[in-house]
Amino acid sequence: MTMNKIVLITGATSGIGLACARKFAENGDKLILTGRNEAQLAKIKKELTDNGTEVTTLNFDVRDRRKAEELLASLPKEWQKIDVLVNNAGLALGLEPEHKGNLDDWDTMIDTNIKGLLTMTRLVVPGMVERNSGHVINIGSLAGDAAYAGGNVYCSTKAAVKALSDGLRIDVADTAIRVTNLKPGLVETNFSNVRFYGDNDRAANVYKGIKPLVGEDIADVAVYVSNAPAHVQIAEVLILATHQASSHVIVRDP
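Residues numbered from 1 in each chain as written. Predicted model: local features only at pLDDT ≥ 70, side-chain atom pairs only at ≥ 80, totals over all residues. Heavy atoms only, no water.

### Section: the overall build of the chain
A tally of helices and strands in the chain yields eight helices and seven strands. By the compact-globule yardstick of 18 Å for 254 residues, the chain fits well, its C-alpha radius of gyration being 18 Å. Its C-alpha atoms give the chain principal-axis dimensions of roughly 50 × 40 × 35 Å. Looking at the chain residue by residue over its 254 residues, the buried ones come to 49%. Put simply, 72% of the contacts in the chain that link residues at least 6 apart link residues at least 24 apart. Put simply, the chain shows about 12,300 Å² of open surface, and 51% of that area lies on carbon and sulfur atoms. Averaged over its 28 positive side-chain charges, the chain has a centre that lies 1 Å from the centre of its 31 negative ones. (Helix = DSSP H or I, 4+ residues; strand = E, 2+ residues; numbered from the N terminus. Rg over C-alpha atoms; globule rule 2.2 N^0.38 Å. Buried < 20%, exposed > 50% of the residue type's maximum accessible area, 1.4 Å probe, protein only. Contact = heavy atoms within 4.5 Å. Areas by Shrake-Rupley, 256 points an atom, 1.4 Å probe, with all protein chains shown as cover. Lys, Arg positive; Asp, Glu negative; His and termini not counted. Charge placed at Lys NZ, Arg CZ, Asp CG, Glu CD.)

### What to know about the layout of surface pockets
In this structure, the largest pocket occupies an estimated 1,200 Å³ of space. Leu 91, Ala 92, Tyr 154, Phe 191 and Ser 192 are the residues nearest the centre of the largest pocket, which is lined by 50 residues in total. The element best represented in the lining of the largest pocket is helix α6 (residues 191-195), accounting for four residues. Looking at the lining of the largest pocket residue by residue, the classes come out as 22 nonpolar, 21 polar and seven charged. (1 Å grid on protein atoms, 1.4 Å probe; cavity = no way out; pocket = protein on both sides within 12 Å on 5 of 7 lines; lining within 4 Å. Points joined across faces, edges and corners; volume = space filled by probe spheres on them. Nonpolar A, V, L, I, M, F, W, Y, C, P; charged D, E, K, R; others polar.)

### Digging into the environment of Leu 31
Mapped onto the elements, Leu 31 comes out in strand β2 (residues 30-35). For the pair Leu 31 and His 231, spaced 200 residues apart in sequence, the C-alpha to C-alpha distance is 24 Å. With near-sequence residues (within four places) excluded, Leu 31 lies in contact with Val 7, Ile 9, Ala 21, Phe 24, Ala 25, Leu 48, Thr 53, Glu 54, Val 55, Thr 56 and Trp 79.

### Things to note about the environment of Leu 123
Among the secondary structure elements, Leu 123 is positioned in helix α4 (residues 103-131). Judged by its relative accessible area of 30%, Leu 123 falls in the partly exposed class. Sequence separation between Leu 123 and Trp 79 is 44 residues; the distance between their C-alpha atoms is 14 Å. Excluding its chain neighbours within four sequence positions, the residues that come into contact with Leu 123 are Ala 68, Glu 69 and Leu 72.

### Considering the pairing of β2
Counting buried residues along β2, six of its six residues qualify, which places the element largely inside the surrounding structure. Of the two faces of β2, the one lined by Lys 30, Ile 32 and Thr 34 and the one lined by Leu 31, Leu 33 and Gly 35 are each fully buried. Here strand β1 (residues 6-9) runs beside β2; their pairing, made up of four bridges, is parallel. Along β2, the bridge assignment pairs Ile 6 with Lys 30. Each parallel crossover has a hand, and for β1 linked through helix α1 (residues 15-26) to β2 it is right-handed. Where β2 lies against strand β3 (residues 55-59), five bridges are found, and the strand directions are parallel. Residue Thr 34 lies in a different strand from β3, and its bridge partner there is Leu 58. The handedness of the β2 to β3 crossover, carried by helix α2 (residues 38-50), is right-handed. (Pairing = 2+ DSSP bridges. Right-handed = clockwise from strand over helix to strand, strands pointing away.)

And the structure:
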C-alpha cells in the first residue's frame, strides 16, 4: 500500500468525489477536498479525521478561477506538493434537444466540466512538473465517446475531457507524470437528480431495471490506477454496469 500521498479531489462533497475521498483515506493518503458546500465539507472532514486521516478543505466553486488561485496559494507549504489531482467536479443539466437547450445551463456545464478542470490542471500540474512526479485523474464519461439524445452539450464537455486528458498526457510525456481518464457509464449518485433539477422520480427512472455502478466503484478504480507501479500509466478506463454495453444498449429487467 502506498502511504501518505497528498490527493486533491474537486467536487468532494457528494457522489464520486465523496467516494474517492473515503477510498483514498482508506489507502492512507492525505486529502485536500474542495467543494461549494462548506457545511458538507466540514462534515466530511470530521468523519475522515475522526478515522485518522489528515484532511484540509477548500470551499470554492471550480468556475471561480480567482478563488481557486487564492485558496490553493494559501495552502501551507507542506500541503502544496500535491501528488494526485482528481478532477471530479462536474454536472449535467437538462436533457433537451440542442435547438431547445437552456443557454445558462450550457454555460454552467462548460464552465464547470471544461474550464474548471482546466483551471485546476493549470494550478496544480506545474508543481508536479517541477518535482517530476504526480498523477492527474480526470473523471470523464462514456458520454464523451458517443452522444446520446438530449446529451448534446454534456456529451461535448466529456469529449473535451478526453481530448484534454490525451493532450496533457502528450505534453508531460517527458516527465514522470501520469494522466488517466476514467469514463463511467451509469452511476447512481445525485447526478440525475441535479440533471432533472431535483425531480427525484425522473432521476430514479434512469436506473430502473438495472443494477448501476455506484460512486465507490469508480473510486476503487481511481485508487487502483494511482497505486500502479511508477512505470505503468493507465491512460483510460471505461467502467460500465454489467448490463450496459454502450450509451444506447442497456438491458433492463422487465
